[in-house]
Amino acid sequence: MPSLLVDDIGELVTNVAGRGEGGPLGIRRRAAVLVEDGEVAWVGPAADAPPADRRIDAAGAAVLPGFVDSHAHLVFAGDRAAEFAARMTGEPYTGGGIRTTVGATRAASDGELRATVRRLRAEALRQGTTTIEIKSGYGLTVADEARSLRIAAEVTGETTFLGAHVVPAEYADRPDEYVSLVCGPMLAAARPYARWIDVFCERGAFDADHARAILTCGQAVGLDVRVHANQLGHGPGVRLGVELGAASVDHCTHLTDADVDALASTRFDCMCHEGGHTTTVATLLPGAEFSTRSPYPDARRLLDAGVTVALATDCNPGSSYTSSMPFCIALAVREMGMTPAEAVWAATAGGARALRRDDIGVLRPGARADLIILDAPSHLHLAYRPGVPLVRQVLHNGVPR
Ligand SMILES: [Zn+2]
């Protein structure tokens, strides 16, 4: 593979703390990045750039690591535009609409599901998302969960078994039986295609006992844990995630002091980030609050407590039909008390932490050559110019897209 130099970068966000300015963003000015064999081979001043087979002139623009979207539900059929419209005229969001999508997904062919996954994956990539996590959870039968994950695994290695999204209608009065199905044959069928296991731990979905049983079964067969927690109200999800060593608890909209303390208690020191990280990341999904017209999570409270925060889209047809990480950054800054630098970090390195990855979300030698060139001189513009397509070019595994 020919080497490639991204040259004349006005502002390079490396996310390598202690290198350059900008705190955790590790900003370098007038920089260049050399890419070889899909990896970053060298980062330094443009004036010292080594020769390369090909060159991309960033012309003074900002370059960032590609976005890491650590929470998305892309395997589904149909849409719920009418439900969105009803909500905007005052109907509350309850999560019950998930069953609408389950019906449409079960009725869809493999080809239809695959086309939707690929369309949305391409849409996200155009907006700078170079890594995306994809969950099952709209099949809710053994066969439909397995095929959802098989199709997701065609486009990402970050696949999550979410058979415990809701109790499907046919099990509505027998939730214990559904949990047995999830822990038994459904998990066995999902396992070959999944890296993670997830549960929607919420009133109306799965309580703490059911969620613990399902997540523990997943751990027993080698899946790592993430949890949908505390989206619609206070509950046990966040503390359960911490108890089980989850990589991430996602949503975190309604938190008690005990929840925040539990997350902060997982903090450890590391070389890569001043102040360390928390083993369990709080992944905030402001697209969901936007689309359900709900109060946003308080990112400031989590950050001030020392909790590692990630931002993700929650892309799904019901409660957050956006694949745009820049949109989430803008919401986080405007509505959640994050600085632009914190939001950009959370959408890149934070997402990588939430997936327990250190080869993405960062631009240093040895990292994957996933980066984006903005039509802007600074990362600040992502929040400052909301809704504007600022991603000029994407390099994914070192390949220009
Ligand atoms: Zn979700």
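Residues numbered from 1 in each chain as written. Predicted model: local features only at pLDDT ≥ 70, side-chain atom pairs only at ≥ 80, totals over all residues. Heavy atoms only, no water.

Our next topic: the coordination of the zinc ion. Around the zinc ion, the donor atoms from the protein are His 71 (NE2), His 73 (NE2), His 228 (NE2) and Asp 314 (OD), and they sit 2.0 to 2.4 Å away. Here the zinc ion binds four donor atoms, and the angle range of 85 to 168 degrees at the metal identifies the geometry as irregular. Sequence positions of the residues that donate to the zinc ion give the spacing H-x1-H-x154-H-x85-D. In this pair, His 71 is assigned in the loop between strand 6 (67-69) and helix 1 (81-88) and His 228 in strand 11 (residues 224-229), connecting sequence segments 157 residues apart. (Donors = N, O, S within 2.8 Å, 3.2 Å for Na, K, Ca; no water. Tetrahedral: all angles 85-135°; square planar, octahedral: opposite > 155°, others 65-115°. Helix = DSSP H or I, 4+ residues; strand = E, 2+ residues; numbered from the N terminus.)

What follows deals with the domain arrangement of the protein chain. Parsing the protein chain into structural domains produces domain 1 (4-66 + 362-400) and domain 2 (67-354). If you average the C-alpha positions of domain 1 and of domain 2, the two centres end up 29 Å apart. Taken together, the contact pairs 19 residues of domain 1 with 22 residues of domain 2. Taking both partners together, domain 1 and domain 2 bury about 1,500 Å²; carbon and sulfur atoms supply 71% of that area. In this structure, the connection of domain 1 to domain 2 is made through zero salt bridges. Scanning the region where domain 1 abuts domain 2 turns up two residue pairs in polar contact (both at pLDDT 80 or more). At the level of elements, strand 5 (62-65), helix 13 (381-384) and strand 18 (391-396) are the ones that each hand at least two residues to the side of domain 1 that touches domain 2. For the side of domain 1 that touches domain 2, the element with the highest residue contribution is strand 18, accounting for four residues. Partitioned by chemical class, the residues of the side of domain 1 that touches domain 2 number 13 nonpolar, four polar and two charged. (Domains from an automatic or database assignment. Contact = heavy atoms within 4.5 Å. Buried area = accessible area lost by both parts, 1.4 Å probe. Salt bridge = Lys/Arg side-chain N within 4 Å of Asp/Glu carboxyl O. Polar contact = N/O pair within 3.5 Å; in protein donor to acceptor, adjacent residues only side chain to side chain. Nonpolar A, V, L, I, M, F, W, Y, C, P; charged D, E, K, R; others polar.)

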